[in-house]
Amino acid sequence: MWYRLDNAGKLYSSIISSRATTLFRLSATLTSPVDPVLLQRALESALERFPFFKVQLKQGFFWYYFEGTSQIPKIEKEIYYPCMSLSIKKRGSFPYRVYYFNNRISLELSHSMTDGTGGLKFLYELIKQYLHLKESVPLKRETISNTQLRLETENSFRKYYDKNIPAPRSRSAKVFKLPIQLDKKGYYHIVTGIIGVNALKKKAKEYDVSITILLTAVYIQSLLNIQERTSRRKKPIVINVPVNMRSFFETSTMRNFFVSITPSIDARLGEYEFEEIIQEVKIEFSRLLTPKKLKQYIKRSVISEKSLVLRLMPSPIKDIVAPSIYSFFGEGQYTSGLSNLGIVRVPSEMEPFIERVESYPPPSIGNKVKAMLISYNQHVYISFGNLSKNRMLEREFFRNIRELGIEVTIETNDEET
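The structure reproduced in this document is the subject of the present report. (Residues numbered from 1 in each chain as written. Predicted model: local features only at pLDDT ≥ 70, side-chain atom pairs only at ≥ 80, totals over all residues. Heavy atoms only, no water.)

Brief notes about the overall build of the chain
What counts here: Numbering of helices and strands runs from the N terminus; a helix is a DSSP stretch of H or I covering at least four residues, while a strand is a stretch of E covering at least two. Values of the radius of gyration come from C-alpha atoms, whereas the globule rule sets the reference at 2.2 Å times the count of residues to the power 0.38. Here, residues are in contact when the closest pair of their heavy atoms is within 4.5 Å. Per-residue and other accessible areas follow the Shrake-Rupley method at a 1.4 Å probe size, with only the shown protein chains counted as cover for residues. Positive charges are assigned to Lys and Arg, negative charges to Asp and Glu, while His and the chain termini are left out of the count. All charge positions are set by atom: Lys at NZ, Arg at CZ, Asp at CG, Glu at CD.
Helix and strand content of the chain: 12 helices and 16 strands. Scaling as 2.2 N^0.38, a compact globule of 417 residues should have a C-alpha radius of gyration of about 22 Å, and the chain matches this with 21 Å. If you line up the chain on its principal axes, its C-alpha atoms span 60 × 50 × 40 Å. Pairs at least 24 residues apart make up 77% of the contacts formed inside the chain by residues separated by at least 6 positions. About 19,700 Å² of surface is accessible on the chain, with carbon and sulfur atoms providing 50% of the total. For the chain, the distance from the average position of its 61 positive side-chain charges to the average position of its 42 negative side-chain charges is 7 Å.

Shown next, in the form of structure tokens:
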């Protein structure tokens, strides 16, 4: 069995490097230490449910592809920085890995394979199987048809692609970039803020917006403040916000199915009050988050793959040119990224054994700092991933959160912050 990569997967497989690993992390902290023997058995059971994850990346002449394998990945004890050093192109490697450390189970996945939603489904199955073995949490027996397995591996970009719809225009203005330097290779600094869901909901309601819009506005405000202090020449602040297309188009796919919208504030127009920022972001979200508009982004995602030049270019050449193209037309077009994976809900019989759920964004050279958030059990966990030692954005963001009257607890994987 082999699988063609989806449109996003083809891009991510070609830009992988020691810094831009394309790995993002999903993790669950349990109420007791992890038993590695049981976790390995749970992984094997999860792979029986999701055979799409029993694959390895192979290089074809024109495109990479996933090939089925009888091999089983081995869980590992975590000892390094997150989202680093996974050579998924190496023979025998998988496009993901499972770590454990004390009470935590972590799943790190390459975006060449899946997105946050697909990853959460697999993590849920892994935790469910583990808790069945460790805590005797009952399992509901499921019969999974071949039709369902096929739908879980479909390319939904192709399914909803409409050649008659025009692709959206790309931005051309130069955007503000944080004035920070890369740290040494292999270092990925994480700062996580833990915020009560009810406090965020209350504040978002005051502005008549969603939590995502509120936090995006705070993110932009923070970057505007940093630009004001560090740069004489003002440039637009543009945020990359991934949108889960499953909220708008019916699909069961476990593959990538997201597009990115880019709310922005043009600092060249003058100073902005927070209320102005939040209204601008609200208007932008309302304008773009419709099926018709999102189909334009699907068109843009698919159209590059259909380019005759790219189709005829050998994959080793694509590996050489893709990072530069992505840097200019992708990351070069925005200042930073903020991704909301939404609310994680588990059955009541599993909930007493899971303390928290977190997510870390994939490291990025073009945007050295990015953030990802997820909600579980009345808390929002917003984690910044940073390839630099500089914490100016994290400090500014959480200071602005506190100025809104919202309490936040901050944790980091560094000895110093």
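Remarks on the pattern of salt bridges
Note the following rule: Salt bridges are defined as contacts in which a side-chain nitrogen from Lys or Arg sits within 4 Å of a carboxyl oxygen from Asp or Glu. With a 1.4 Å probe rolled over the protein chains alone, any residue whose accessible area is under 20% of its type maximum counts as buried; one over 50% counts as exposed, and the rest are partly exposed.
On inspection of all chains with the given rule, the structure shows 19 salt bridges. Note that Arg-246 and Asp-115 form a salt bridge whose closest N and O atoms lie 2.9 Å from each other. Taken as a pair, Arg-246 in the loop between strand E9 (236-244) and strand E10 (258-261) and Asp-115 in the loop between strand E7 (104-110) and helix H3 (116-135) lie far apart in primary sequence, 131 residues in all. By relative accessible area, which is 16% here, Arg-246 ends up buried. Judged by relative accessible area, Asp-115 falls into the buried class, the value being 4%. With its nearest N and O atoms 2.6 Å apart, the salt bridge here joins Glu-403 to Arg-399. You can see Glu-403 and its partner Arg-399 sitting in helix H12 (residues 392-403), four residues apart, about one turn around the helix. Residue classification places Arg-399 among the partly exposed positions, given a relative accessible area of 36%. Each of Arg-25, Glu-78, Arg-97, Arg-104 and Glu-108 takes part in a single network of salt bridges with overlapping partners.

Some thoughts on helix H2 (residues 36-49)
Filter applied, for reference: The length a helix should cover is 1.5 Å for every residue beyond the first. Polar contact criterion, stated in full: a pair of N or O atoms within 3.5 Å, where within protein one must be able to donate a hydrogen and the other to accept it, and residues adjacent in sequence count only if both atoms are side-chain atoms.
Here H2 contains 14 residues, and its C-alpha end-to-end distance of 20 Å stays within 8% of the 20 Å for a straight helix at 1.5 Å per residue. For H2, the complete set of buried residues consists of Leu-38, Leu-39, Gln-40, Ala-42, Leu-43, Ala-46, Leu-47 and Arg-49. As for H2, its buried residues are in contact with strand E6 (96-101), E7, H3 and helix H4 (146-152). N-cap assignment for H2: the residue whose side-chain oxygen lies 3.0 Å from the backbone N of Val-37 is Asp-35.

Observations regarding H12
If you check H12, its first and last C-alpha atoms are 16 Å apart, about what 12 residues at 1.5 Å a residue would give, namely 16 Å. Buried within H12 we find Met-392, Leu-393, Glu-394, Glu-396, Phe-397, Phe-398, Asn-400 and Ile-401. Buried residues along H12 sit in contact with strand E8 (189-196), helix H7 (211-230), strand E12 (336-344), strand E14 (369-376), strand E15 (379-386) and strand E16 (409-412). Positive phi appears at Gly-405, one or two residues downstream of H12, with a value of about 85°.

A few points about the packing of H7 against helix H8 (residues 274-288)
To be explicit about the condition: Lines fitted to C-alpha atoms define the axes, with helix axes restricted to the stretch in contact, and inter-axis angles between N-to-C directions lie between 0 and 180 degrees. When describing relative orientation, an angle under 35 degrees is termed roughly parallel and one over 145 degrees roughly antiparallel, while 65 to 115 degrees is termed roughly perpendicular and anything else oblique. A crossing counts as left-handed when the near helix is turned anticlockwise from the far one by less than a right angle, and as right-handed when that turn is clockwise.
Between H7 and H8, the least distance of the axes is 9 Å, while the angle of their chain directions is 130°. Viewed along their axes, H7 and H8 adopt a mutual orientation that is oblique. Considering how the two elements wind past one another, H7 and H8 form a crossing that is right-handed. In contact with Thr-212, Ile-213, Leu-214, Thr-216, Ala-217, Val-218, Ile-220, Gln-221 and Leu-224 of H7, H8 contributes Phe-274, Ile-277, Ile-278, Val-281, Lys-282 and Phe-285.

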